[in-house]
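Okay, here's what each chain looks like letter by letter:
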Amino acid sequence: MMMMKTFMAKSKEIERKWYLLDASNQVLGRLATRTADLLRGKGKTLFTPHVDCGDYVVIVNAEKIRVTGKKSEQLEYITASGYPGGQKVVPYRRMQTEHPEHIIEHAVRGMVPSNPLGRQVLRKLKVYTGSSHPHSGQNLESLKLA
């Protein structure tokens with residue numbers, strides 16, 4: 001009787017690519033989902049849930065992201081310091097004008113695991129406003145989102 005062995009990727013065996021995504025006129029949730037899958041490495045044949053198998057993702061034009069429905073009026077970003085009265089509520093419109101890259105980072109953060117592996121995966125996400133970025137030295141592969 002022949003037994004099949006379970007394959008588990010090791011961190012040394014993983015080849016990482018660099019992807020460039022343009023957020024111009026992209027829906028926030030769809031962009032975040034695609035980005036989270038690339039960061040985790042879900043599309044790879046070597047995917048192992050407890051190992052960081054993913055690639056690096058560079059997102060440009062973060063200020064041109066769009067949301068559907070009434071989210072632009074209703075969405076709020078809440079932070080709390082832990083002290084009484086230390087809660088801050090920032091509406092989507094203000095966050096979009098002041099820190100549009102935080103919007104994408106926040107959406108992707110909600111789609112990766114909330115553990116040390118998720119924090120490691122998020123370090124490979126680079127989000128920039130405008131079309132310039134400092135990663136031109138890497139061999140960036142441009143991806144088109146449908």
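Check the entry above for the structure.
Overview of the structure. (Residues numbered from 1 in each chain as written. Predicted model: local features only at pLDDT ≥ 70, side-chain atom pairs only at ≥ 80, totals over all residues. Heavy atoms only, no water.)

Tracing the backbone through its elements, the reader meets Gln 26 in the loop between β1 (18-22) and α1 (28-40). Those residues in contact with Gln 26, other than ones at most four positions away along the chain, are Leu 31, Lys 64, Ile 65, Arg 66 and Leu 145. (Helix = DSSP H or I, 4+ residues; strand = E, 2+ residues; numbered from the N terminus. Contact = heavy atoms within 4.5 Å.)

Core analysis: the largest hydrophobic core is formed by 29 residues, its most contacted members being Ile 59, Ile 104, Val 108 and Leu 125. If you tally residues by element for this core, the top one is α1, at 6 residues. Ignoring anything within four residues of it in the chain, the contact list for Ile 104 reads Ala 23, Leu 28, Leu 31, Ile 59, Ala 62, Ile 65 and Val 127. (Core = buried A, V, L, I, M, F, W, Y, C linked by side-chain atoms within 4.5 Å. Buried < 20%, exposed > 50% of the residue type's maximum accessible area, 1.4 Å probe, protein only.)

Our focus in this paragraph is the pairing of β1. Looking at chain direction, β1 and strand β2 (residues 56-60) are connected through 5 bridges and run parallel. Across the sheet, Leu 20 pairs through a bridge with Val 58, a residue of β2. Since β1 and β2 lie parallel, the crossover through α1 that links them has a hand, and here it is right-handed. (Pairing = 2+ DSSP bridges. Right-handed = clockwise from strand over helix to strand, strands pointing away.)

Attention shifts here to the sheet that holds β2. Reading across from one edge, β5-β2-β1-β6 is the order of the 4 strands in this open sheet, with parallel pairing throughout. Pairing within the sheet leaves two strands with one partner each, and these edge strands are β5 (125-127) and β6 (140-143). The sheet shows a mean angle of 25° between the axes of neighbouring strands, direction not considered. Here α1 sits on the sheet in contact with β1, β2, β5 and β6, set at roughly 155° to β2. (Axes fitted to C-alpha atoms, helices over the stretch in contact; angles between N-to-C directions.)

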